[in-house]
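This is what each chain is made of:
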Amino acid sequence: AHRSGRQVLMTHHGDLVMPKGAWNQTVQRTVGWLLSQGARSVDRISTHTQDYADHSDFLGPHRHKVVAIYPPVTIPRPNRAEVERWRRSLGLDGAPLVGFAGRFVEEKGFDYLLQAIPQLAERHPGVRLAFAGEANVVYEAFYRQCLPLIEAHRDRLVMLGLITDPQRMADFYAMCDVFALPSRTDCMPSVQIEALLCGTPVVATDIPGAREVVRVTGMGRLVEPRNPCALAEGLAAVLDDPWRYRRPYDEIRAIFDPDRAIRDYEALLAEMTPCHEGEGCGWG
């Protein structure tokens, strides 16, 4: 690209963080080194938040190249009638419901959420947790490691499986009273933006990048990472008074506006577009 006079943009969605173990750490160092070589050679790097860029080990040496652009998240509006029908079919009428979703990997911190259940149940005895995603999938053997916790709380867990239909996913978020993001590390997972757009407040760990959504919207709470007690307390507080943490749809949509994200990317690409004699510059 450089030999042909073109600039290069790298998009960065999060540092590679592998589980403990000699092999995993070897992979992390090797892949990290390769990615760093690429980062040195590119002209600009886009990532989702400045907060993550300021704390990223990978982006640190290249901060002068980094531009932060919120992701262009889109999701349908929930079908409220279908949400109520789905809740009834699952036997969840009247039950406080905590949702969580994503890859069942160590990074996502679902083990802390499972450990938080006893304390959460003391405040909300009828609480249930609904998971949208693939279970029994071999991701880092993490699901198998969590099986004792899953079995211990099986009566409170609703495993919905992988949801691929956007409307169904919107209804899942709306069905939940609060959405949990107990991640160990995370750049800016789109699930929390989707949850807010469906009217569901978020409890997220106070870590770089992942905390951005709650910080800029006020629609939820931040809790100490890797702390099941703090997580249980945060979830219980939102379940105590969910309306306190809800914000109008238009307010959230204005912050996470897909059109603005696209315009920001277009502006960045225009800035990187070379001008040749006799040609227009930028994107018309």
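Look a little higher up for the structure.
Residues numbered from 1 in each chain as written. Predicted model: local features only at pLDDT ≥ 70, side-chain atom pairs only at ≥ 80, totals over all residues. Heavy atoms only, no water.

**As for the overall build of the protein chain**
- Helix and strand counts for the protein chain come out as 11 helices and 9 strands.
- On C-alpha atoms alone, the protein chain measures out to a radius of gyration of 21 Å, which is about the 19 Å that the 2.2 N^0.38 rule sets for 284 residues.
- Along the first, second and third principal axes, the C-alpha atoms of the protein chain reach 70 × 45 × 30 Å.
- Relative to its 284 residues, the protein chain shows a buried fraction of 47%.
- The long-range share in the protein chain, meaning contacts at least 24 apart out of those at least 6 apart in sequence, stands at 68%.
- A total of about 13800 Å² of accessible surface is found on the protein chain, and carbon and sulfur atoms cover 51% of it.
- Once the 32 positive and 36 negative side-chain charges of the protein chain are each reduced to a mean point, those two points are 3 Å apart. (Helix = DSSP H or I, 4+ residues; strand = E, 2+ residues; numbered from the N terminus. Rg over C-alpha atoms; globule rule 2.2 N^0.38 Å. Buried < 20%, exposed > 50% of the residue type's maximum accessible area, 1.4 Å probe, protein only. Contact = heavy atoms within 4.5 Å. Areas by Shrake-Rupley, 256 points an atom, 1.4 Å probe, with all protein chains shown as cover. Lys, Arg positive; Asp, Glu negative; His and termini not counted. Charge placed at Lys NZ, Arg CZ, Asp CG, Glu CD.)

**Digging into the sheet that holds strand E8 (residues 202-205)**
- Taken in spatial order, the 6 strands make up an open sheet running E6-E5-E4-E7-E8-E9, and their pairing is parallel. For this open sheet the edge positions go to strand E6 (157-161) and strand E9 (220-223), each flanked by a neighbour on one side alone. Direction aside, the axes of adjacent strands within the sheet are offset by 20 degrees on average.
- Where strand E7 (residues 178-181) and E8 come together, 3 bridges link them in parallel fashion. (Pairing = 2+ DSSP bridges. Axes fitted to C-alpha atoms, helices over the stretch in contact; angles between N-to-C directions.)

**Notes on the pairing of strand E4 (residues 97-101)**
- Buried residues dominate E4, accounting for 5 of its 5 residues.
- Residues Leu-97, Gly-99 and Ala-101 of E4 are buried on one face, and the alternating residues Val-98 and Phe-100, pointing to the opposite face, are buried as well.
- Bridging between E4 and strand E5 (residues 128-132) involves 5 bridges; their strand directions are parallel. Counted as the bridge partner of Leu-97 is Arg-128 from E5.
- For the handedness criterion, the β-α-β arrangement of E4, helix H4 (residues 110-123) and E5 is classed as right-handed.
- Here 2 bridges tie E4 to E7, and the two strands are oriented parallel to one another. Within E7, the position partnered with Val-98 by the bridge is Val-178. (Right-handed = clockwise from strand over helix to strand, strands pointing away.)

**Re a nonpolar patch on the surface**
- Taken together, Leu-16, Val-31 and Leu-35 make up a surface patch of nonpolar side chains, about 200 Å² in accessible area.
- Here Val-31 shows up in helix H1 (residues 22-41). (Patch = residues over 30% accessible without salt bridge, like charges linked within 9 Å, V, L, I, M, F, W, Y side chains within 5 Å. Salt bridge = Lys/Arg side-chain N within 4 Å of Asp/Glu carboxyl O.)

**Remarks on the packing of aromatic side chains**
- Applying the stated rule across the entire model yields 10 aromatic pairs.
- Ring plane angle 80 degrees and centroid distance 5.4 Å describe the contact between Phe-104 and Phe-131, whose orientation is recorded as edge-to-face. Of this pair, Phe-104 sits in the loop between E4 and H4 while Phe-131 is found in strand E5, placing the two residues 27 residues apart along the sequence.
- Taking relative accessible area as the criterion, Phe-104 reaches 3% and is therefore assigned buried.
- Plain terms: the ring middles of Phe-172 and Tyr-173 are 5.6 Å apart, the flat faces sit at 55 degrees to each other, and that makes the pair tilted. Of the two residues examined, Phe-172 and Tyr-173, each falls in the buried class.
- Taken together, Phe-100, Phe-104, Phe-110, Phe-131, Phe-142 and Tyr-143 form an aromatic cluster joined through their ring pairs.
- Positioned over the ring face of Trp-86 is Arg-168, at 3.6 Å from the centre of the ring. (Phe/Tyr/Trp six-rings, centres within 6.5 Å; stacked < 30°, edge-to-face > 60°. Lys NZ or Arg CZ within 6 Å of the ring centre and 35° of its normal.)

**Focus on the environment of Pro-242**
- Inspection of the secondary structure puts Pro-242 in the loop between helix H9 (228-240) and helix H10 (249-255).
- The buried category is assigned to Pro-242, whose relative accessible area is 16%.
- Each C-alpha atom of the pair Pro-242 and Thr-200 lies 8.4 Å from the other, and the pair is 42 residues apart in sequence.
- If we ignore the near neighbours within four places in the chain, the residues touching Pro-242 are Asp-177 and Pro-201.

**Description of unusual backbone geometry**
- Unusually for a residue other than glycine, Arg-226 sits at a positive phi of about 60 degrees.
- Among the structural elements, Arg-226 can be located in the loop between E9 and H9.

**Some points on the pattern of salt bridges**
- In this structure the tally under the stated criterion is 13 salt bridges.
- Glu-82 is the salt-bridge partner of Arg-85, the closest N and O atoms lying 2.8 Å from each other. Of the two residues, Arg-85 and Glu-82 both sit in helix H3 (residues 80-89), 3 residues apart, roughly one turn of that helix.
- For Arg-85, a relative accessible area of 40% gives the class partly exposed.

**Examining the packing of H4 against helix H5 (residues 142-152)**
- One way to put it is that H4 packs onto H5 with a least axis distance of 10 Å and a crossing angle of 5 degrees. Comparing the axis directions of H4 and H5 gives the class roughly parallel. Contacts from Phe-110, Asp-111, Leu-114 and Gln-115 in H4 reach Phe-142, Cys-146, Leu-149 and Ile-150 in H5.
- In terms of residue class, the contact of H4 with H5 is built from 6 nonpolar, 1 polar and 1 charged. (Parallel < 35°, antiparallel > 145°, perpendicular 65-115°, else oblique. Nonpolar A, V, L, I, M, F, W, Y, C, P; charged D, E, K, R; others polar.)

**Examining helix H6 (residues 166-175)**
- Across the 10 residues of H6, 7 count as buried, placing the element largely inside the fold.
- The complete set of buried residues in H6 reads Met-169, Ala-170, Asp-171, Phe-172, Tyr-173, Ala-174 and Met-175.

Read these as layout, nothing more, since geometry by itself doesn't imply function.
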